[in-house]
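Close look at the chain arrangement
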Amino acid sequence: MLREYLRRDAVFLLSSGVILFFILIGIVRPDLLDAASSAVHAAILNHFSWLYLISVFFFLVFALGLAFSRYGRIKLGGDAERPQYGFFGWVAMLFAAGMGIGLLFWGVSEPLVHYLQPPPFLDPASPDSAAFAMRYSFFHWGVHPWAIYAIISLSIAYFSFRRGMPALISSCFYPILGDRIYGLAGNLVDVLAVFATVFGTATSLGFGALQIHSGLTHLYGISSAISVTIGIIIIATALFMASAIMGVEKGVQVLSKFNIVLAVALLLFILALGSTPYVLNVFTSSLGGYINNIIDLSLQSYPFAGFEWSRNWTVFYWAWWISWSPFVGLFIARISRGRTIREFVLTVLTVPSLFTFVWFSVFGGSALNLELNQGAHLAAVAGEDITLALFAFLEHYPFAGILSLVAIAVLLVFFVTSADSATVVLGSLTSNGNLAVPTYKKVIMGLSLSAVAIILLVTGGLSSLQKMAITAAFPFLFVMLILCYTLAIGLSQEKVPE
């Protein structure tokens, strides 16, 4: 009986043990945890920054190559199977997956920080650095992150829906491991997926809690002590754990859709009351610069001047997306049954990316307009406290207090829905791909997410969140590279006309 339990729940026991060990070290010896993570983080950046750049560019090329090859006609499911969702419903859910804490956190702050603190070969606070800021914001949030998600989604959807295997990362290794995916080798792959997801999600939750705290401090003068941030995480944890335990999926879906409507309304309000022609010019100019320089952007690490900048921004982002990919990838795979590979890849790469381009143009472009043409000095605020940039930006619009409250509400709901979804996905990953997850697993995984976020914030704040995202993603990067190989093997066994 015990042996059967250990075999069945090996992924849950292994991953829980690793996470518990991390939490205990963070409680007992936070200094040791910070020193160890800093050392590993530095080693990865010093020796493997180039690998992140080449790998993510390869994922994009590989995904596009599949889409335009003869394999693009293969369905993610049976040959006669129709899509599970209508096109517009499917696109709406992809759109929802592309929204979240990250866009609210970075939409204003990232362009401002790049503008004020560009690589050393550019003059700070200049028109050139402003153009650079928008181009790189598009790059960091454009097709490359979605190529990362597409690789995971395609692999899971193909082996699950077309080959009839469990919806697990380990199933994608069947072409090279065979039935060993049901043993130790497959378990280790799934443990890496859980590890990456926990730390990637915890990073986002930490960002969200920091920004909610900054907003409340800005509006109501609440103490800036770290204990308040921890309190916000605890309250949000109670909300998303109640949702996960009660299984109120419909309620979460309604809340998510309402939140997206609220976020879009906020975007349209800023667009309408700001300089709309200026924003549209920023959009077209930045899009042109992004498309025209996409290969250079993809592989540029600025080794002669700006290497540190590249590592702090591009490499961090690529690691963060990779650590998120098991979670988002599994979600996208589940809603994409019945789509062809060509339709899947082209839609996943373009629809969410276009929305993020609009988002950064409206928020980042408007912030740069206020900075360059109206003397708003927002960049100095972002440079000093990146979590405060959004609220300082909203102060320049009518109903600033209401807008800030709306932004805080959107952040909180994204926190709750993202954590709730991550809890369910982690439960599935540790339950052999089953959607019916025992309550105790949901509780343990949900509490683990919040505990890791708190530990990281206490040991090093924003810097610690970024370090751990890069560290946790590193082993999973190799899993993704192997996934490309196994997916290619699987597709090569399909009888597709030339």
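Fair warning: this is a prediction, and the values are worked out from it, not measured in the lab. (Residues numbered from 1 in each chain as written. Predicted model: local features only at pLDDT ≥ 70, side-chain atom pairs only at ≥ 80, totals over all residues. Heavy atoms only, no water.)

1. Thoughts on the overall build of the protein
Across its full length, the protein carries 19 helices and zero strands. Its C-alpha atoms give the protein a radius of gyration of 22 Å, near enough to 23 Å, the size a compact globule of 498 residues would have. Each of the three principal axes of the protein carries a C-alpha extent, and together these read 65 × 55 × 45 Å. Out of the 498 residues in the protein, the part that is buried amounts to 57%. Carbon together with sulfur atoms contributes 68% to the accessible area of the protein, which is approximately 19200 Å² in total. The centroid of the 23 positive side-chain charges in the protein is displaced by 15 Å from the centroid of its 22 negative side-chain charges. (Helix = DSSP H or I, 4+ residues; strand = E, 2+ residues; numbered from the N terminus. Rg over C-alpha atoms; globule rule 2.2 N^0.38 Å. Buried < 20%, exposed > 50% of the residue type's maximum accessible area, 1.4 Å probe, protein only. Areas by Shrake-Rupley, 256 points an atom, 1.4 Å probe, with all protein chains shown as cover. Lys, Arg positive; Asp, Glu negative; His and termini not counted. Charge placed at Lys NZ, Arg CZ, Asp CG, Glu CD.)

2. Quick notes on the environment of Ile54
Locating Ile54 in the fold gives a position in helix H3 (residues 30-68). Between the alpha carbons of Ile54 and Gln300 there is a distance of 9.6 Å; along the sequence they are 246 residues apart.

3. Description of the nonpolar core
Counting 173 residues, the largest nonpolar core has Tyr52, Trp106, Ile169, Phe363 and Phe393 as its most contacted members. For this core, the element with the highest residue contribution is helix H19 (residues 439-492), accounting for 23 residues. Leaving out residues up to four positions away in the same chain, Trp106 has contacts with Pro111, Trp141, Phe207, Trp313, Phe316, Tyr317, Trp320, Phe360, Ile386 and Gln466. (Core = buried A, V, L, I, M, F, W, Y, C linked by side-chain atoms within 4.5 Å. Contact = heavy atoms within 4.5 Å.)

4. Quick look at the pattern of salt bridges
Scanning the model with the defined rule gives seven salt bridges in all. Here Glu494 and Arg162 are joined by a salt bridge, their closest N and O atoms 2.9 Å apart. In this pair, Glu494 sits in the segment after H19 while Arg162 sits in helix H7 (residues 143-162), placing the two residues 332 residues apart along the sequence. What you see here is one network of salt bridges that share partners, running through Asp79, Arg162 and Glu494. (Salt bridge = Lys/Arg side-chain N within 4 Å of Asp/Glu carboxyl O.)

5. Focus: the packing of helix H9 (residues 184-220) against helix H18 (residues 400-429)
Their axes nearest at 10 Å, the elements H9 and H18 cross at an angle of 160°. The orientation of H9 relative to H18 falls into the category roughly antiparallel. Relative to H18, H9 is oriented so that their crossing is left-handed. Of the residues in H18, those in contact with Val194, Thr197, Val198, Thr201, Leu205, Ala209, Gln211, Ile212, Gly215, Leu216, Leu219 and Tyr220 of H9 are Gly401, Ser404, Leu405, Ile408, Leu411, Leu412, Phe415, Ala419, Ala422, Leu426 and Leu429. (Axes fitted to C-alpha atoms, helices over the stretch in contact; angles between N-to-C directions. Parallel < 35°, antiparallel > 145°, perpendicular 65-115°, else oblique. Left-handed = near helix turned anticlockwise from the far one by under 90°.)

6. Notes on the state of the cysteines
Counted under the stated rule, the structure contains zero disulfides. Of all cysteine sulfurs, the one in Cys172 lies closest to Cys484, which takes part in no disulfide; the gap is 11 Å. Judged by relative accessible area, which is 3%, Cys484 ranks as buried. (Disulfide = S-S within 2.5 Å.)

7. Regarding helix H14 (residues 307-334)
With 28 residues, H14 should cover 40 Å at 1.5 Å per step; its first-to-last C-alpha distance of 39 Å lies within 8% of that length. At Ser325, H14 shows its largest kink, close to 50°, and the proline Pro326 lies no more than four residues downstream. Of all 28 residues that make up H14, 23 are buried, and the element is covered over most of its length. (Expected span 1.5 Å × (residues − 1). Bend = angle between axes of the 7 residues up to and from the residue.)

8. Section: the packing of aromatic side chains
On inspection of all chains with the given rule, the structure shows 45 aromatic pairs. With a centroid separation of 6.3 Å and an interplanar angle of 50°, the aromatic rings of Tyr52 and Phe474 are classed as tilted. Placement of the pair is Tyr52 in helix H3 and Phe474 in helix H19, with a sequence separation of 422 residues. Exposure remark for Tyr52: the relative accessible area of 0% places this residue in the buried category. An angle of 85° between the planes, with centres 6.4 Å apart, marks the rings of Tyr149 and Trp321 as edge-to-face. Of this pair, Tyr149 sits in helix H7 while Trp321 is found in helix H14, placing the two residues 172 residues apart along the sequence. Accessibility assignment for this pair places Tyr149 and Trp321 in one class, buried. One aromatic cluster is present, formed by Phe105, Trp106, Trp141, Trp146, Tyr149, Phe207, Trp313, Phe316, Tyr317, Trp320, Trp321 and Phe360 through successive ring pairs. (Phe/Tyr/Trp six-rings, centres within 6.5 Å; stacked < 30°, edge-to-face > 60°.)

9. Quick notes on a nonpolar patch on the surface
On the surface, Phe48, Trp50, Ile54, Ile295 and Leu299 cluster together to form a nonpolar patch covering roughly 490 Å² of accessible area. Elements supplying a minimum of two residues to the nonpolar patch: H3 and helix H13 (294-299). Per-element tally for the nonpolar patch: the top contributor is H3, with three residues. The exposure class assigned to Ile54 is partly exposed, which follows from its relative accessible area of 44%. (Patch = residues over 30% accessible without salt bridge, like charges linked within 9 Å, V, L, I, M, F, W, Y side chains within 5 Å.)

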